[in-house]
Amino acid sequence: MAAGRGWLQKQQREFLKRGGAARSVPPSTSALPPLRYGSLDGSSKITVLHGKGTVHGTKHSATPKFSKNSSCKTHSSLDSLPPEIVLRVLSYLDPGSLLCMGCVNKLFYLLCNDNVLWYRMCSSLHTSKKIHWKPKTVKTIDNDVSHSTIQEKDIGYWKKEYISKVITAGKKGIMNLLKPENPYTGLPADIKKAVAAAGLLWAITLKDKSGKERVMEQVEVCFNDTSVTIFWYSLAWPCLGSLTTLQLHGVTPLLHECSKVPNKNGPRRRSLISEYDLTNLKDCSILLGCDNLVKVSRLNPGLLLGLWRSGSEIAFVMASLHYHNLLQRSTMGSFSVPFIPVRKPILDDIDSQYGLHDYQLHIDIHSGGRTFMCGSFSHLHCKKDDIVNGFLKLTVISVKNNKQHAPLAGKIGLLWKTDAFDGNVQNCFMIDITLLDEIEKPFWCVSAPVNIHTSAMPDCLYDFLGQHFVLNYSDKEGKVHMELVWMTESAEYCIINLVIYVSTAKVNSWFGTNY
């Protein structure tokens, strides 16, 4: 400002030396005169209006040059403004920006939790299919409810109310996308579309012994027939010996609108899916296989941990999540508590064999986007005499029935990759089990990495020439037993025996029976 005033005074002195008007500008004038550049006729003269007088001079530059060493500096900060002015400025922000603004400092956190601001948001929120936010003026809010009535609530009350309403409306829109079902699997047919509409991502949280957390978001995602496989890899993993737990979370935008593209930089919430203990991997993990670079282990449920063979440090992490209740598990839990569905038993007093027959199985064997087998089997049943050690036995593929034997297409192996390397662990893959009950609803669903290993050939398998392999998987709700033979002529595996074991405790709780 001082440099600009000096330039004007210099122009006035030159004008007076040339015999200009005798009227001078008072030196005590503190306000800068407004400038009017150019003239109506396009000449290069500049007109300076000051007080009642008008001074004309030759224009040397279109814009005044200000000195860099100016002593006059203007400081402006929102912190120095009165709270009423700041609140008025914040009233023009949308909810997402208001939440981000509250993370600046303690002052803005308190101001951004103001009940009047969030009451305006709640009153502008529509519960229709599409959520449109329209700001209301302060006068309109005062007409609706008095200021004192709003402020009677605890600070942040209307903020929580608004967030709760938006989350509820967003979940209803997502659940509508999950209604169409696949007739073969009983699972949502548009799961990929629902995940995209929800803005759903998956992340892992690594906690060390000092309590520090490191969050890593997904690098790649592969959608399969009945499950989704998520990949994490990096060049800067923390030291495995210092880690205590690994948490798998679903990450979604906090303020979500199905009709809009999710803002990745906005506030987000995490829903715990599962938690894994890393303090003693030898006891809680199962070694599946290895190649020249890595060795892979399974942590139940459905997590694959790849370690470098040289230093036993983390190379990559893979998770396989079944489509059944995928959106619910990834969005409806809290940061520390996973989502647990609640259902009532299906009662039937007429059928004495209720819960023992008319099961359907859909099995999918895959890895890295490649499918080795995908098939459905119906009319599976179990007799009461076949219930042994608390498990129902469902024979899917019998050794004695050659027509049921199913081949695995291609040479199976678990594909993995990092930023610098990739590879294939032989005889390992992902298996998806989807077992439907009598009314064709998902009964037992699991997706996990498994492996096959050689086994001594039983005497009853003399008809099958080739090396004999076996696969076993078990959890709290069921078990899978599979026998395979390597067919040398066709260079492929063939499943000659497949049996599913279901826990009687699960059957009793599902159907309200007492087997």
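A. Quick look at the overall build of the protein chain. Across its full length, the protein chain holds 12 helices and 25 strands. Among the 515 residues that make up the protein chain, the fraction classed as buried is 41%. Counting contacts in the protein chain only where the partners sit at least 6 residues apart, residues at least 24 apart contribute 59% of the total. For the protein chain, the accessible area works out to roughly 28,500 Å², and carbon and sulfur atoms hold 54% of it.

B. The packing of aromatic side chains, seen in detail. Applying the stated criterion across every chain yields a total of 12 aromatic pairs. Note on W308 and F421: the rings are 5.9 Å apart at their centroids and 80° apart in plane angle, and the pair reads as edge-to-face. One end of the pair, W308, is in strand β12 (residues 303–308); the other, F421, is in the loop between β18 (413–417) and β19 (422–426), with 113 residues separating them in the sequence. Grouping aromatic residues by their ring pairs yields a cluster made of Y354, Y359, F443, W510 and F511. When the ring centre of F391 is taken as origin, the NZ or CZ atom of K479, which lies over that ring, is 4.6 Å away. K506 extends its terminal NZ or CZ atom over the ring of F443, reaching a point 5.1 Å from the ring centre.

C. Spatial organisation of the sheet that holds strand β7 (residues 227–233). Within the open sheet, the 6 strands sit side by side as β6-β7-β13-β12-β11-β10. Their pairing is antiparallel. Each end of this open sheet is capped by a strand with a single partner; those strands are β6 (220–223) and β10 (286–290). Taking each pair of neighbouring strands and ignoring which way they run, the sheet shows an average axis angle of 20°. Of the strand pairs in this sheet, β12 and strand β13 (residues 314–322) are connected by 5 bridges, and their pairing is antiparallel. Its bridge partner being in β13, G306 is matched across the sheet by F316.

D. Spotlight on helix α9 (residues 191–198). Those residues of α9 that sit buried are I191, A194, V195, A197 and A198. In an axial view of α9, the angular spread of the buried residues amounts to 165°, which keeps them on one side of the axis. Within α9, the exposed residues directed more than 90 degrees away from the buried face are K192, K193 and A196. Buried positions along α9 lie against α8 (157–177), β4 (201–208), β6, β8 (243–253) and α11 (326–331).

E. Representation of the sheet that holds β4 in the model. Pairing is antiparallel across the open sheet formed by 4 strands, whose spatial order is β5-β4-β8-β9. Among the strands making up the open sheet, the edge pair consists of β5 (213–217) and β9 (268–277). The mean inter-strand angle of the sheet, taken between neighbouring strand axes irrespective of direction, is 25°. Direction of pairing for β8 relative to β9: antiparallel, over a ladder of 9 bridges.

F. Region of interest: unusual backbone geometry. The residue after N300, namely P301, is reached through a cis peptide bond having omega 5°. Along the chain, the position of P301 falls in the loop between β11 (294–299) and β12. Located in the positive-phi region is N389, a residue other than glycine, with phi close to 55°. The residue N389 is located in the loop between β15 (370–380) and β16 (391–397) in this model.

G. Just the pairing of β6, in detail. The pairing of β6 with β7 spans 4 bridges and is antiparallel. For V221, the partnering residue across the bridge sits in β7 and is I230. Two successive antiparallel strands, β6 and β7, enclose a turn made up of 3 residues.

H. Representation of the confidence of the model for the protein chain within the structure. Per-residue pLDDT for the protein chain averages 80, and the proportion of residues at 70 or more is 77%. In the predicted structure, residues 127–133 sits below a pLDDT of 50 and forms 15 contacts with residues beyond four places in sequence or in another chain.

I. Geometry of the environment of Q467. Following the sequence through the fold, Q467 ends up in the loop between β22 (453–454) and β23 (468–474). Under the relative-accessibility criterion, Q467 is labelled partly exposed at 43%. It is 9.5 Å that separates the C-alpha atoms of Q467 and Y493, two residues lying 26 residues apart in sequence. For Q467, the residues in contact, after removing those within four places along its chain, are T454, L484, V485 and W486.

Scoring rules and cut-offs
- Residues numbered from 1 in each chain as written.
- Predicted model: local features only at pLDDT ≥ 70, side-chain atom pairs only at ≥ 80, totals over all residues.
- Heavy atoms only, no water.
- Helix = DSSP H or I, 4+ residues; strand = E, 2+ residues; numbered from the N terminus.
- Buried < 20%, exposed > 50% of the residue type's maximum accessible area, 1.4 Å probe, protein only.
- Contact = heavy atoms within 4.5 Å.
- Areas by Shrake-Rupley, 256 points an atom, 1.4 Å probe, with all protein chains shown as cover.
- Phe/Tyr/Trp six-rings, centres within 6.5 Å; stacked < 30°, edge-to-face > 60°.
- Lys NZ or Arg CZ within 6 Å of the ring centre and 35° of its normal.
- Pairing = 2+ DSSP bridges.
- Axes fitted to C-alpha atoms, helices over the stretch in contact; angles between N-to-C directions.
- Arc of directions from axis to C-beta.
- pLDDT = per-residue confidence, 0-100.

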